[in-house]
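# Structural features, examined
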Amino acid sequence: MRPNRFLQLLKTRGPLSAKTISVELGMTGEGARQQLIKLTEEGLIKATSISNGVGRPMQIYELTEHGNTYFPNNHAELSVELLNAIKDELGEEALGLVLITREKQAVKRYMEVLKDYQGLENILKSYTAIRCIEGYMAECIKESDHVYTLLENHCPIGAASSACSGFCHSDMRILQQILGENVQIIQDHTIAKGQRVCSYTITRLQY
């Protein structure tokens, strides 16, 4: 089932108040609250009261585990079963070889699409668009002329990444090969470790 725009917003922005949600979606406050109540009753979102020390506590809404299932997971259970089978039957070394093969194929696929783009910003924007198509709900934010933040609000291979941390390291190596040696990449957050988003700080070293 395709997630509605309330779920999309909470997925990409994290916990938000009803007022912020209504503004972001261009709705009346009452209309937004009615939909939030409905989604809460369906178990897709939950509300948490936060006190700011003055007046009534503020209600903050966020996705539940059930709400997150509305986003693609690329057959999570099967992926984990296959990874465990490779590790148990063939060992960690064989699993490493599988990841290396995946890296090579991914780099080749991305480079074919990105070959006509020049400059870090253009390459990052195009890479972000590809990742969105793949289900990562990616965003690229320009912090300065030389620094960018890459956000991935969803991990369609999240279950596999949680079962095998090598996937996160592999994605870093893939991105590094795409962007080249003159770019430093730091992974700040990881969904596989229970954080809301995967985020990378990307800095051009020579300019």
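Everything here concerns the structure above.
Report on the accompanying structure.

What counts and how
Residues numbered from 1 in each chain as written. Predicted model: local features only at pLDDT ≥ 70, side-chain atom pairs only at ≥ 80, totals over all residues. Heavy atoms only, no water. Helix = DSSP H or I, 4+ residues; strand = E, 2+ residues; numbered from the N terminus. Contact = heavy atoms within 4.5 Å. Areas by Shrake-Rupley, 256 points an atom, 1.4 Å probe, with all protein chains shown as cover. Core = buried A, V, L, I, M, F, W, Y, C linked by side-chain atoms within 4.5 Å. Buried < 20%, exposed > 50% of the residue type's maximum accessible area, 1.4 Å probe, protein only. Expected span 1.5 Å × (residues − 1). Arc of directions from axis to C-beta. Pairing = 2+ DSSP bridges. Axes fitted to C-alpha atoms, helices over the stretch in contact; angles between N-to-C directions. Phe/Tyr/Trp six-rings, centres within 6.5 Å; stacked < 30°, edge-to-face > 60°. Lys NZ or Arg CZ within 6 Å of the ring centre and 35° of its normal.

## Here we look at the overall build of the protein chain
Tallying secondary structure elements over the protein chain gives nine helices and seven strands in all. Counted over contacts in the protein chain with a minimum sequence separation of 6, partners at least 24 positions apart contribute 48%. Accessible surface, the protein chain as shown: approximately 12200 Å² in total, 53% of it carbon and sulfur.

## Some words on the nonpolar core
Among the nonpolar cores identified, the biggest contains 20 residues, and Tyr110, Ile178, Leu179 and Ile202 are the most heavily contacted of them. Here the element with the most residues in this core is helix α7 (residues 120-133); it accounts for five residues. In terms of nonpolar packing, the next biggest core, distinct from the first, is built from 17 residues, Leu7, Leu44, Phe71 and Met137 among them.

## Here we look at helix α3 (residues 29-41)
Turn by turn, an α-helix covers 3.6 residues, leaving residues three or four places apart pointing in a common direction. With 13 residues, α3 should reach 18 Å at 1.5 Å per residue; the first-to-last C-alpha distance of 18 Å fits that figure. Those residues of α3 lying buried are Gly31, Ala32, Leu36 and Leu39. Along the long axis of α3, the arc covered by the buried residues comes to 130 degrees, so they all point the same way. Where α3 is buried, its residues contact α1 (5-13), α2 (18-25), β2 (45-50) and β3 (58-63).

## Remarks on the sheet that holds strand β7 (residues 198-204)
Spatially, β4-β5-β7-β6 is the arrangement adopted by the four strands of the open sheet, whose pairing is antiparallel. Only two strands of the sheet have a single partner each, and these edge strands are β4 (138-142) and β6 (183-189). Taking each pair of neighbouring strands and ignoring which way they run, the sheet shows an average axis angle of 20 degrees. In the sheet, β4 pairs with strand β5 (residues 147-152) via five bridges, with the strands oriented antiparallel. If you follow Ile141 over to β5, its bridge partner there is Thr149.

## Observations regarding the packing of aromatic side chains
Overall, the coordinates contain one aromatic pair when judged by the stated rule. One residue, Arg109, lies across the ring of Tyr110, its end atom 4.9 Å from the ring centre.

## Let's talk about the pairing of β7
Along β7, five of the seven residues are buried, which leaves the element largely enclosed by surrounding structure. The pairing of β5 with β7 spans six bridges and is antiparallel. Across the sheet, residue Leu151 finds its bridge partner in β7, namely Ser199. Here β6 runs beside β7; their pairing, made up of six bridges, is antiparallel. The partner of Ile185 across the bridge, within β7, is Ile202.

## Things to note about the pairing of β5
The element β5 is largely enclosed, with a buried count of five among its six residues. A loop of four residues connects β4 with β5, the two strands running antiparallel in sequence.

## What to know about the sheet that holds strand β1 (residues 16-17)
Taken in spatial order, the three strands make up an open sheet running β1-β3-β2, and their pairing is antiparallel. Where the open sheet ends on each side, the last strands, each with one partner, are β1 and β2. Both β1 and β3 contribute to a ladder of two bridges, which runs antiparallel. The partner of Ser17 across the bridge, within β3, is Ile60. Running at roughly 95 degrees to β3, α1 makes contact with β1, β2 and β3 of the sheet.

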